[in-house]
Amino acid sequence: MRVSRSNTTSIFRVKKQRNFVAIDKSFLSDPSLSCKAKGLLAFFLSKPDDWEFRLSEIRRNFKDGKESIRKGIEELQKAGYVKKVKLRGTKGKFDGVRYLIYETPYLSEVHPQSDLPTSGKPEADIPAAENPSLLNNDITKDTSYRADTREDISKWGKNDFIKKTASLIKERLGIEDNYKLAAALMKDSERRIDWYFPMWLVENLTDAINRADDKKKYLFSLLKKPELWKLFMDFLERESFMGRGL
């Protein structure tokens, strides 16, 4: 088949009158997902909302073996697109499991990134004295600044989170190169949840960060504390972000 150089069409589509589905295509550009995981998620999202999730049914639609499909589903679980929940009967007894499918990641299943940016020195070089202990009242939960943006935060891009975090860094911590620091905190992050976490730390741990001898180093160290990530997840649940993404 010969194609004229002047013809720029590379993708040939059919006129959609039936047998098509409308989905949010964001996950198709998620670099953390494999081709297999993306294909499975697209298949799941093409089904009706009350579709019963069965491995045997899935296998009938793919040439992959059972173990390959299982690994793809596990990948989606880790990324937050699939959630496995336990069902309880009328007397509270275990009554099976149900898989919930999300077009955007279900936040409680997502774990903090492991390749967080550093200040340029190994973590061991940071003196312990520079890292004050967190107090119970250090978690301020002050989110008043978002009163007028709560509905729009789900539409924020990376630059929006950087700008807001930079503003908080300058306002609350008095750090002048605020934008550069905010960008470094989110360096190499591809997920919205990882962009939000540094902002949450600054707004909720202002006093603790201000007590540190080196505020920048201490802020980077907070990114790696799993107990703070758990508090962040709890906060998102309370704020009703679950199932909608950020």
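Structure first, text after, so check above.
Overview of the structure.

Calculation criteria
- Residues numbered from 1 in each chain as written.
- Predicted model: local features only at pLDDT ≥ 70, side-chain atom pairs only at ≥ 80, totals over all residues.
- Heavy atoms only, no water.
- Patch = residues over 30% accessible without salt bridge, like charges linked within 9 Å, V, L, I, M, F, W, Y side chains within 5 Å.
- Areas by Shrake-Rupley, 256 points an atom, 1.4 Å probe, with all protein chains shown as cover.
- Salt bridge = Lys/Arg side-chain N within 4 Å of Asp/Glu carboxyl O.
- Lys, Arg positive; Asp, Glu negative; His and termini not counted.
- Charge placed at Lys NZ, Arg CZ, Asp CG, Glu CD.
- Helix = DSSP H or I, 4+ residues; strand = E, 2+ residues; numbered from the N terminus.
- Buried < 20%, exposed > 50% of the residue type's maximum accessible area, 1.4 Å probe, protein only.
- Axes fitted to C-alpha atoms, helices over the stretch in contact; angles between N-to-C directions.
- Parallel < 35°, antiparallel > 145°, perpendicular 65-115°, else oblique.
- Left-handed = near helix turned anticlockwise from the far one by under 90°.
- Contact = heavy atoms within 4.5 Å.
- Nonpolar A, V, L, I, M, F, W, Y, C, P; charged D, E, K, R; others polar.

**Digging into a positive patch on the surface**
Judged by side-chain charge, Arg59, Lys66, Arg70, Lys84, Lys86 and Arg88 come together as a positively charged surface patch. Per element, the largest residue contribution to the positive patch is 3 residues, and it comes from strand 1 (residues 82-88). Position of lysine 84 relative to the elements: it lies in strand 1. With a relative accessible area of 44%, lysine 84 lands in the partly exposed category.

**So, the environment of methionine 199**
Tracing the backbone shows methionine 199 in helix 6 (residues 192-204). Spatially, the C-alpha atom of methionine 199 lies 7.2 Å from that of phenylalanine 161, the residues being 38 residues apart in sequence.

**Describing the packing of helix 4 (residues 158-173) against helix 6**
As a packed pair, helix 4 and helix 6 sit with axes 9 Å apart at the nearest point and diverge in direction by 10°. Considering the angle they form, helix 4 stands roughly parallel to helix 6. Here helix 4 and helix 6 pass one another in a crossing that is left-handed. Residue-level contacts link Lys158, Phe161, Lys164, Thr165, Leu168, Ile169, Arg172 and Leu173 of helix 4 to Arg192, Trp195, Tyr196, Pro198, Met199, Val202 and Glu203 of helix 6. Classifying every residue of the contact of helix 4 with helix 6 gives 9 nonpolar, 1 polar and 5 charged.

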